[in-house]
Amino acid sequence: MEEKEKRLTLWYEETDGKDFPLVGKKNANLGEMIKAGIPVSPGFALTIHANNRFLELTGIKGTIETQIETLGHVTFDTAKHASAIAMELIESAEMPALLEDDILENYDRLCEMSQCPSCPVAVRSSGAVSMPGQMETYLNICGEKDLIAYIRKCWSSAYNTEAIMYRMNKGMPFLFNIGVGIPKMVNSRVSGIIFTINPINGDMSKISIDASYGLGEAVVSGLVTPDTYLVDKVTFELIKLVVGSKEIQCVYREGSSDIVETSVDEEKRVTRCLSPEEVKELARVGKLIEGYYGKAYDIEFGIDGDMEFPHNVIILQVRPESVWSKKEAAPRTERKPDAMSRIVSQLMTGVRLR
């Protein structure tokens, strides 16, 4: 069997958290979640080696590498110039047959598993080094032709001006190969974010769930006021529910690789979007993820409208909670000063003579 390091593609279940140098962190995290029994959407990853083979087989690797030599002192303008050259080279290069055959063989398998011809997928960038928001993810990509085109766009996004400036400022190389994730798109009836703490006050005994209709972009981007469910972490009982206004939802455009915003019916706006069973299942899965990683997490999820409960609960992305977990707990009692501190304090303030 071919060595893992030489594979062009790997299914998520073939990877785990240690494989981030091969497939990037997002892809490796999904593999790790499958290992932990956490429900994720089926899919596969293009390895970082595949990105390198693309540059080699198309003959553009040397040209891109020389851009670092011509950059000189890196400014926004020089980075913008290098970005235009690198992105044009990648997006206009023909996909080598070796790579295209491997990608489409796996895509056909994913379509067959999903019982959906031209199965809609996401094309997600996945770097071995965290570069938050620097590279692109494309949603609802349908059919072989669009899939190949958007994989090239995903690779080229590692060379947008902001990503180049970020790497240069961090002393990272100009040439930067990335992994690409190809998960089946979840046809989200509802989606949102789980916090395994109360994000308002950091209470570790609670789980908070924000949810709204349609794809997750509406909640993640702050386009809507979602429903908020506060749940007890031990009993999974609902403690508090605030029904949000949920005026719009993001949905797939019929028959195309695109997403559009549509209005939500007035009746649905004033109705909670998650059933009691779905709230409990989301809280259970959130607690499972927190327990597996040993810290509070922020988790994106979708409720697939094509599947039955509980198989419709799909985890899309997880990351460590980044606000309350960085705060040091304040001591409940004042610490008694040691002997040296008392002497120094007396020297600084003087000693009262009787």
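## Focus on the packing of helix α5 (residues 76-92) against helix α8 (residues 161-169)
The packing of two helices is summarised by the inter-axis angle and the distance between the axes. Where α5 contacts α8, the two axes come as close as 8 Å, and the packing angle between them is 120°. In terms of orientation, α5 and α8 fall into the oblique class. α5 and α8 meet at a crossing whose hand is right-handed. The residues of α8 that touch α5, namely those facing F76, A79, K80, A82 and S83, are T161, E162, I164 and M165. Classifying every residue of the contact of α5 with α8 gives five nonpolar, two polar and two charged.

## A few points about the environment of I48
With respect to the element layout, I48 can be found in helix α3 (residues 48-57). For the pair I48 and V180, spaced 132 residues apart in the sequence, the C-alpha separation amounts to 7.9 Å. Apart from residues lying up to four places away in sequence, I48 is in contact with F20, P21, L22, V23, G24, A128, N177, I178 and G179.

## Considerations on the layout of surface pockets
Estimates place the volume of the largest pocket at around 1300 Å³. Only α2 (25-35), β3 (121-126), β4 (137-141), β6 (188-195), α9 (217-220), β12 (297-304) and β13 (313-320) provide two or more residues apiece to the lining of the largest pocket. Taken together, the residues that form the lining of the largest pocket break down as 21 nonpolar, 15 polar and eight charged. Grouping the amino acids of the lining of the second largest pocket by side-chain chemistry returns eleven nonpolar, six polar and five charged.

## Description of the sheet that holds β13
Taken in spatial order, the six strands line up as β9-β8-β7-β6-β12-β13 in an open sheet, and their pairing is antiparallel. With partners counted over all chains shown, the strands left at the sheet margins are β9 (238-242) and β13, one partner each. Strand after strand, the sheet turns through a mean of 20° between neighbouring axes, direction not considered. Where strand β7 (residues 206-213) lies against strand β8 (residues 227-232), six bridges are found, and the strand directions are antiparallel. Across the sheet, K206 pairs through a bridge with D232, a residue of β8. Along the sheet, helix α11 (residues 276-293) makes contact with β6, β7, β8, β12 and β13, crossing β12 at roughly 140°.

## Focus: helix α6 (residues 97-114)
Under the 1.5 Å per step criterion, the end-to-end length of α6 is 25 Å for 18 residues, consistent within 8% with the ideal 26 Å. The complete set of buried residues in α6 reads L99, I103, L104, N106, Y107, L110, C111 and S114. Buried positions in α6, seen along its axis, are confined to an arc of 165° and lie on one side of it. α6 presents A97, D101, E105 and E112 as exposed residues on the side facing more than 90 degrees away from its buried surface. If you follow the buried residues of α6, they end up packed against β1 (9-11), β2 (43-46), α3, β3, α7 (144-156) and β5 (179-183). One or two residues past the end of α6 sits Q115, with phi positive at roughly 55°.

Quick notes on the rules
- Residues numbered from 1 in each chain as written.
- Predicted model: local features only at pLDDT ≥ 70, side-chain atom pairs only at ≥ 80, totals over all residues.
- Heavy atoms only, no water.
- Axes fitted to C-alpha atoms, helices over the stretch in contact; angles between N-to-C directions.
- Helix = DSSP H or I, 4+ residues; strand = E, 2+ residues; numbered from the N terminus.
- Parallel < 35°, antiparallel > 145°, perpendicular 65-115°, else oblique.
- Left-handed = near helix turned anticlockwise from the far one by under 90°.
- Contact = heavy atoms within 4.5 Å.
- Nonpolar A, V, L, I, M, F, W, Y, C, P; charged D, E, K, R; others polar.
- 1 Å grid on protein atoms, 1.4 Å probe; cavity = no way out; pocket = protein on both sides within 12 Å on 5 of 7 lines; lining within 4 Å.
- Points joined across faces, edges and corners; volume = space filled by probe spheres on them.
- Pairing = 2+ DSSP bridges.
- Expected span 1.5 Å × (residues − 1).
- Buried < 20%, exposed > 50% of the residue type's maximum accessible area, 1.4 Å probe, protein only.
- Arc of directions from axis to C-beta.

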